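Residue strings, one per chain:
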Amino acid sequence: MCSSDLTSSIPPEDRGRAIGIWSGFAGGGGIMGLFISAFLVDALSWRWTFVLPIVLAAVGFVFTFRFVPNSAEKAPHRFDISGALLSALLIVGIVLGIQEGPERGWGSTLAVTGLVVGAVALIAFIAVERRTQAPLLDLGAFRDRGLSSGSLTLVVIFAAMFGSLLVLFPFMQAVLGWSALHSAAGILPMVVIMMPMSTVAPMIAKRVGSKRTIAFGLAAFVAGLVVLALMASVDGGYWSILPGLLLFGLGLGLAMTPSTAVITETLPADKQGVASALNDTTRELGSAIGVALLGSVFSAGFRSSMKPAVRDLPAELAKPASEGIAKAFGVAQNAGDNAPRIISAAQHALVDGWARAMWVGAGMGAVILLFVVFRGPGAVRTAEPELDRKSTRLN
């Protein structure tokens, strides 16, 4: 169920709790999917990972027609087709460039093309939306503190969450020696904290305000990343990362729901479809940025730590072992007496790369925390329907 269905079908007094549940499943669903997929691969076959989505889609299809009301907009103006096409193009271009840059190189044709297309589409989107009488997204709405801080918060926390997951699984499998299913289970404590806190967050926001709730969530989120950066170690095992995971989950749960709520509350009732799309876009864009950025930092940290550790080994061993944790373990299988040394060096290099990635994520979170403290949402009023740009009123 998208957020526009929640705002159009749930009574106002229950809306905060409903958004909290939706946010919890939106954040925890991906992690739970990793656990279920790992179980299917280990217990059955990798083919079942393609069957499960079909089953879930069929169940969702039935439940949608049975329980979800029709929330179609009836606007007196034409749909902004140009804005819709340009927004899709800019998101596809930017995400493509960010995802392909670390893999193929930032100077590769595909990465550069994606970023250039995204940048050109962004400029065109801004120009079109400023001239259109009934824009798909009134860019002036971002002057509202709730919309701007909520959107930026969602981008950063999803960037850090998915970027951290990219690093967590290699740590659990290569350093701890866990299976895919065991590694996925190791993430569950974070979900156990995050999902209930997403439901509780609206009640906290009612008492202390959305700004303080988001700020406290971001503070816990940053603290969790700092703990992960400082405590993770080869010898410390899982217990060296568990405190950071719990803090991280606490921060995610507290920050996600009020950030989502301020976006839906800022835009008027007849723009809730746009609010829903904005919520989804911030999450997807943040996820892509996190995987690309933190993944690049992690890989660079691994290489810079691994190369000195294997410098005196034969080139046919040292070079491939420095390219990544999987290749290092592959090289070790045929390295004879050097195998323990290569594996130990790779494990410590992985932790070094982990720490660098966590520090970058913590820095991103700290910047958004300061933004929320000084430019966070004030008292949010329910926005009224707008007929055109002139009738839009901001806080």
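Residues numbered from 1 in each chain as written. Predicted model: local features only at pLDDT ≥ 70, side-chain atom pairs only at ≥ 80, totals over all residues. Heavy atoms only, no water.

A. Spatial organisation of the overall build of the protein. Along the protein, the regular secondary structure elements total 13 helices and zero strands. For the protein, the succession of helices and strands along the chain, N to C, is α-α-α-α-α-α-α-α-α-α-α-α-α. Residue burial in the protein is summarised as follows: out of 395 residues, 45% are buried. Taking the intrachain contacts of the protein between residues at least 6 apart in sequence as the baseline, contacts between residues at least 24 apart amount to 75%. Looking at the protein as shown, the accessible area adds up to about 19,400 Å², and 66% of this sits on carbon and sulfur atoms. (Helix = DSSP H or I, 4+ residues; strand = E, 2+ residues; numbered from the N terminus. Buried < 20%, exposed > 50% of the residue type's maximum accessible area, 1.4 Å probe, protein only. Contact = heavy atoms within 4.5 Å. Areas by Shrake-Rupley, 256 points an atom, 1.4 Å probe, with all protein chains shown as cover.)

B. Layout of the packing of aromatic side chains. On inspection of all chains with the given rule, the structure shows five aromatic pairs. Taking the centre distance of 5.2 Å and the plane angle of 40° together, the rings of Trp178 and Tyr238 count as tilted. Here the residue Trp178 occupies a position in the loop between helix H6 (145-175) and helix H7 (180-208), and Tyr238 occupies one in the loop between helix H8 (210-231) and helix H9 (242-266), the gap between them amounting to 60 residues. Take Trp178 and Tyr238: they sit in the same class, and that class is buried. Measuring from ring centre to ring centre gives 6.3 Å for Tyr238 and Trp239, while their planes differ by 65°; the resulting arrangement is edge-to-face. Pairwise contacts between aromatic rings join Trp178, Tyr238 and Trp239 into one cluster. (Phe/Tyr/Trp six-rings, centres within 6.5 Å; stacked < 30°, edge-to-face > 60°.)

C. Local environment of the environment of Val222. Mapped onto the elements of the fold, Val222 is located in helix H8. C-alpha separation for the pair Val222 and Gly361, spaced 139 residues apart in sequence, amounts to 7.8 Å. Residues within four places of Val222 in sequence aside, it is in contact with Ala362, Gly365 and Ala366.

D. Region of the structure containing the packing of H6 against H7. One can describe the packing of H6 onto H7 by two numbers: an axis separation of 9 Å at closest approach and a directional angle of 140°. Our classification of the angle between H6 and H7 gives oblique. Crossing hand, H6 versus H7: right-handed. Together, Met161, Leu165, Leu168, Phe169, Met172 and Gln173 of H6 and Ala180, Ser183, Ala184, Gly186, Ile187 and Met194 of H7 make up the contact between the two elements. Of the residues that constitute the contact of H6 with H7, the class distribution is nine nonpolar, three polar and no charged. (Axes fitted to C-alpha atoms, helices over the stretch in contact; angles between N-to-C directions. Parallel < 35°, antiparallel > 145°, perpendicular 65-115°, else oblique. Left-handed = near helix turned anticlockwise from the far one by under 90°. Nonpolar A, V, L, I, M, F, W, Y, C, P; charged D, E, K, R; others polar.)

E. How the structure looks around the pattern of salt bridges. One pass over the full model with this rule turns up one salt bridge. For Arg341, the salt bridge identified is with Asp312, shortest N-O distance 2.3 Å. Of this pair, Arg341 sits in helix H13 (residues 339-375) while Asp312 is found in the loop between helix H10 (272-309) and helix H11 (315-321), placing the two residues 29 residues apart along the sequence. Given the relative accessible area of 32%, Arg341 is considered partly exposed. (Salt bridge = Lys/Arg side-chain N within 4 Å of Asp/Glu carboxyl O.)

F. Just the nonpolar core, in detail. Formed by 69 residues in total, the largest nonpolar core has its most connected members in Ile157, Phe221, Ile241, Met306, Ile342 and Trp354. Of all elements in the fold, only H6, H7, H8, H9, H10, H11, helix H12 (325-332) and H13 reach the threshold of two or more residues within this core. For this core, the leading source of residues is H6, giving 15 residues. Not counting residues within four places of it along the chain, the set of residues in contact with Phe221 comprises Val156, Ile157, Ala160, Leu247, Phe248, Gly251, Leu252, Gly361 and Gly365. (Core = buried A, V, L, I, M, F, W, Y, C linked by side-chain atoms within 4.5 Å.)

G. Representation of helix H5 (residues 109-131) within the structure. In a regular helix each residue adds 1.5 Å, so 23 residues correspond to 33 Å; H5 covers 33 Å between its end C-alpha atoms and thus fits that length. Residues Ala111, Gly114, Gly118, Ala121, Phe125, Val128 and Glu129 constitute the buried set of H5. (Expected span 1.5 Å × (residues − 1).)

H. Local environment of the packing of H7 against H9. H9 packs onto H7 with a crossing angle of 30° between their chain directions and a minimal axis gap of 7 Å. Between H7 and H9, the angle falls in the class roughly parallel. Pair H7 / H9 crosses with right-handed handedness. Only Leu242, Leu245, Leu246, Phe248, Gly249, Leu250, Leu252, Gly253, Leu254, Met256, Thr257 and Pro258 of H9 make contact with H7, whose side of the interface consists of Gly186, Pro189, Met190, Ile193, Met194, Met197, Ser198, Ala201, Pro202 and Ile204.

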